[in-house]
Each structure stands twice: as structure tokens, then as C-alpha cells.
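Structural overview for review
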Amino acid sequence: MDEILKKKTILIADDEEINRIILVQIFEEQFHVLEASDGQEAIDLLDEKNNEIVMLFLDLMMPKKSGLDVMEHMRQKGYMARIPIIMITGEATVESDVKAYEFGASDIIYKPFEPAVVMRRTINILELFENRLNMENKLKEQTKELVAAHDKLQKNNEFLINALSSVVEFRSQESGEHIKRVKYFTRILLNYMQKYHPEYKLTKEQINLIVNASALHDIGKITVPDRILLKPGRLSPSEYEQMKTHTTEGCKILEKFKQEDSDFYRYCYDICRYHHERYDGNGYPDGLVGEDIPIWAQIVSIVDVFDALISERVYKSAYPTDEAVRMIHDEECGVFSPKLLDCFDLAKEDLCQIAEAISYTDTDGKKQNF
């Protein structure tokens, strides 16, 4: 019985003893009642018993602290979200009523009290608060479940993306680490671009999506014949033209999974199609110039070139990282944006650390040291 009463405690704060006596008589059979004869005493009881109090009857004018002072204290402490307040007043004025409601009172009762009306209004407010709190708790639980489901789906999607992109690597007889490095490099460079070039308005959410999308940049190589994809020597002009189709063929694959108004699909498509475009317009497949190339495609483009240079491939040996950086700056691998090159230089140390952390292997399976 005591536990039930503790859960249904009402605090009556009024400096007039007769008002407290009347309200105690109304509620004492159904509730445990606490009394405060001034505002400071009400604040002290609220701080001590706020987890037990389910309702506060509060006089507007009291010694030491006014009713509005008590409400302000409750607002600062966060009590008002779970303790409804019924203001007690002997004068019905528009100004005082408006002020009470503005401060967060749930209702106002006027002296003298009508017991049945006071009890009914109290029960109604308690039921409303209880229903609201139940709904808020359910909403919090549902939100947690949705977040957990979203996180699980995101992990599953990332797994499928990595698995699909790895098919290209295994078919190309690569180590399987290229996609992993490109994703790491892309994130590093995106972070630098976000910091030093806010005009691109890159957000954390965008960066995460672009990093995952970068894994599919070469998905179109699935359509390239082995005799070209695995050729150890230089490609002939006709073979090179066929190799270049991996950008557009990759987009055809992606279109089968197209989602309307999907930022992720847009990043996947742009990166797949444009990661061989060059800033001077001499890239492919569309010959885009300058900032017509989406920034996410530009970023994947330069990190893809960097990784290709410092990796062992069937058609070439690996270059040291310093030599690879020089070749990129000397435009031996195409022209890149000045802004991008500046961030590439700033990120060089981080890129090299990642390059060393993720093993590069030669065709005999031996680790390369740079």
C-alpha cells in the first residue's frame, strides 16, 4: 500500500493553511499529500521528491518564492515534462491566467474550491499526462528499433556493395584490397575538402554515402572481356576503347537498381560514369570540363589514380608513393582540379599511412614496401 501511495503523491503549495486543509481533505483518500507553506519549501520538496510527485497545486502569490519562481525552477530542472501544475488563485484576471499558462500550468482553479470539480479536473489531467508519457516512451522505443534496423540495413548494404565490387577485383586478379584502399583514401580526401573548401557543402552523411558509393566505381569492368582486362601488355587502340566502356556499362548495371530521389544512387552513378573525366576536358566518356565533373567523382578519380600507380598490376610494376605524387602533379595521369591537388598534398601523409597499413602485394604474393 505504501508503494502505491508513493507513486501517487500530490504536492500542495499555498501559504494559506485553510486552502491546504481543503485540498488535503479532497485528495487524502486517494493520494499521499505533501504540503508546502511557501515557494522555497515547495522547491525543496520538489528537488527531494520529484520522482514521486504526480501533481502540483501551486499558489501564484507566496512568501520567499512566488508560484512563477517555482515554475521557473521546475522548467530549469526538467520537472515540468512529467509533473503537471494546477495553479491556485483567488482572483480570476486575464493577465494572471495568461502568465500562468505561458509558464506551463496545465489548469487553473479558483477559490473557493468545489471538491467534485477539483477532483475530476485533477484526474483528467493526470490521465492526459500519463497517456502522453506512455506515447513518448513508445515513440522512444520505436525510434530505437528504427535506428537499430537502419544500422543493420546499412551494414548489410555495405557488405553487399563490398561483395559486389570485390567480384571485379578477383576477376582482375588483384589482391582484393583496392576497393578498401579507395574507400579509405576517398574518406580522407573528402574530410580535407570539407574542411578547406566549405563551398562544396559536404556533410557527414554525404561523406558516408560517397565513401560507400566509391566501392562501385569499377563495377562496369565486369563487362570487359578477360583478354582485355587481364592483358599483361599495353592495350591496342581498339582494346582501349573497349576498356573505356566500363564507365557507361557500369551505369547500365546501376540503372537496373535505380531508386528515385536517392542521393546514394546519384553518387554511385556519377562516380561510376565520371571517375575517368579530367579537369581539362580530356577524360572520358563525356569529356566534361572543370566543375561540371561532380566533386565526388573528382575525388574518387584522383585516389583511384594514386592507388593504381602505387599498386602492382598485371601490366605494370608499382611506383613509390613520392613518384606517384610527382606524376599526378606533373599531369602524367591527366589534369586535376587545383583545389583537389591542394587537398591531395595536405592529405599526402594520411594517404601514405593508409597505403602502408593496407598491404600491397606483387604478383608473387610478396608484400611491397614503400
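Okay, so let's go over this structure. All figures in this text were calculated on a predicted structure; none of them were measured in a lab.

Thresholds, definitions, all that
- Residues numbered from 1 in each chain as written.
- Predicted model: local features only at pLDDT ≥ 70, side-chain atom pairs only at ≥ 80, totals over all residues.
- Heavy atoms only, no water.
- Salt bridge = Lys/Arg side-chain N within 4 Å of Asp/Glu carboxyl O.
- Helix = DSSP H or I, 4+ residues; strand = E, 2+ residues; numbered from the N terminus.
- Buried < 20%, exposed > 50% of the residue type's maximum accessible area, 1.4 Å probe, protein only.
- Pairing = 2+ DSSP bridges.
- Axes fitted to C-alpha atoms, helices over the stretch in contact; angles between N-to-C directions.
- Contact = heavy atoms within 4.5 Å.
- Core = buried A, V, L, I, M, F, W, Y, C linked by side-chain atoms within 4.5 Å.
- 1 Å grid on protein atoms, 1.4 Å probe; cavity = no way out; pocket = protein on both sides within 12 Å on 5 of 7 lines; lining within 4 Å.
- Points joined across faces, edges and corners; volume = space filled by probe spheres on them.
- Nonpolar A, V, L, I, M, F, W, Y, C, P; charged D, E, K, R; others polar.
- Expected span 1.5 Å × (residues − 1).
- Patch = residues over 30% accessible without salt bridge, like charges linked within 9 Å, V, L, I, M, F, W, Y side chains within 5 Å.
- Areas by Shrake-Rupley, 256 points an atom, 1.4 Å probe, with all protein chains shown as cover.
- Lys, Arg positive; Asp, Glu negative; His and termini not counted.
- Charge placed at Lys NZ, Arg CZ, Asp CG, Glu CD.
- Polar contact = N/O pair within 3.5 Å; in protein donor to acceptor, adjacent residues only side chain to side chain.

1. Let's talk about the pattern of salt bridges
Should the charged atoms of two oppositely charged side chains come close, the side chains can pair. Taken as a whole, this structure holds 16 salt bridges when the rule is applied. Between E199 and K339 there is a salt bridge, with its nearest N and O atoms 2.9 Å apart. You can see E199 sitting in the loop between α7 (178–196) and α8 (204–214) and its partner K339 sitting in helix α15 (residues 338–346), a full 140 residues away along the chain. One salt bridge in this structure joins K252 and E249, with 3.2 Å as the shortest N-O distance. With a gap of three residues between them, K252 and E249 both fall in helix α11 (residues 246–255), about one helical turn apart. With relative accessibility at 23%, the residue E249 sits in the partly exposed group.

2. Side note on the sheet that holds strand β1 (residues 9–13)
Backbone-to-backbone hydrogen bonds join strands into a sheet, with any given pair of strands oriented parallel or antiparallel. One open sheet accounts for five strands, arranged β2-β1-β3-β4-β5; its pairing is parallel. Two strands in the sheet have a free side with no partner beyond their single neighbour: β2 (32–36) and β5 (107–110). For this sheet, the mean inter-axis angle between neighbouring strands, taken without regard to orientation, is 20°. Bridge count between β1 and β2: five bridges; the pairing is parallel. In the sheet register, I10 faces β2, and the bridge partner there is V33. The strands touched by helix α2 (residues 17–27) within the sheet are β1, β2, β3 (53–59) and β4 (85–89), with β2 carrying the most contacts at an inclination of about 170°.

3. Brief notes about the nonpolar core
In terms of nonpolar packing, the biggest core is built from 47 residues, with L189, M193, I302, F306 and I328 touching the most fellow members. Looking at this core, the elements with two or more residues in it are α7, α8, α11, α12 (263–274), α13 (295–309), α14 (321–329), α15 and α16 (348–357). When neighbours within four sequence positions are excluded, F306 is seen to be in contact with F185, T321, A324, V325, I328, F344 and L351.

4. Overview of empty space enclosed by the protein
Summed over all chains, the structure comprises three cavities of 30 Å³ or more. There is about 50 Å³ of room inside the second largest cavity. If you trace the second largest cavity, you find it lined by E277, R278, Y279, I293, Q298, S301, V335, F336, S337 and L340. Among the residues making up the lining of the second largest cavity, the classes are represented as five nonpolar, three polar and two charged.

5. Digging into α7
Taking 1.5 Å of rise per residue, 19 residues should cover 27 Å, and α7 covers 27 Å from first to last C-alpha, within 8% of that figure. Of all the residues in α7, the buried ones are H178, I179, R181, V182, K183, F185, T186, I188, L189, L190, Y192 and M193.

6. Regarding a negative patch on the surface
On the surface, E41, D44, D47 and E48 cluster together to form a negatively charged patch. Counting through the fold element by element, D47 comes out in helix α3 (residues 39–49).

7. Let's talk about unusual backbone geometry
With an omega of 10°, the peptide bond running from Y284 to P285 counts as cis. Take P285: it is sitting in the loop between α12 and α13. You will see that K201, though not glycine, has its phi angle at about 55°, which is positive. With respect to the helices and strands, the residue K201 is situated in the loop between α7 and α8. The phi torsion at E331 lies on the positive side, around 65°, for a residue other than glycine. By the element assignment, E331 lies in the loop between α14 and α15.

8. A closer look at the side chain of H276
Mapped onto the elements, H276 comes out in the loop between α12 and α13. In terms of polar contacts, H276 uses its side chain to reach the side chain of H246, at 3.4 Å. A polar side-chain atom of H276 sits 3.3 Å from a polar atom in the side chain of H275. Look past the residues within four positions of H276 in its chain and what remains in contact with it is H246, T247, G283, Y284 and D304.

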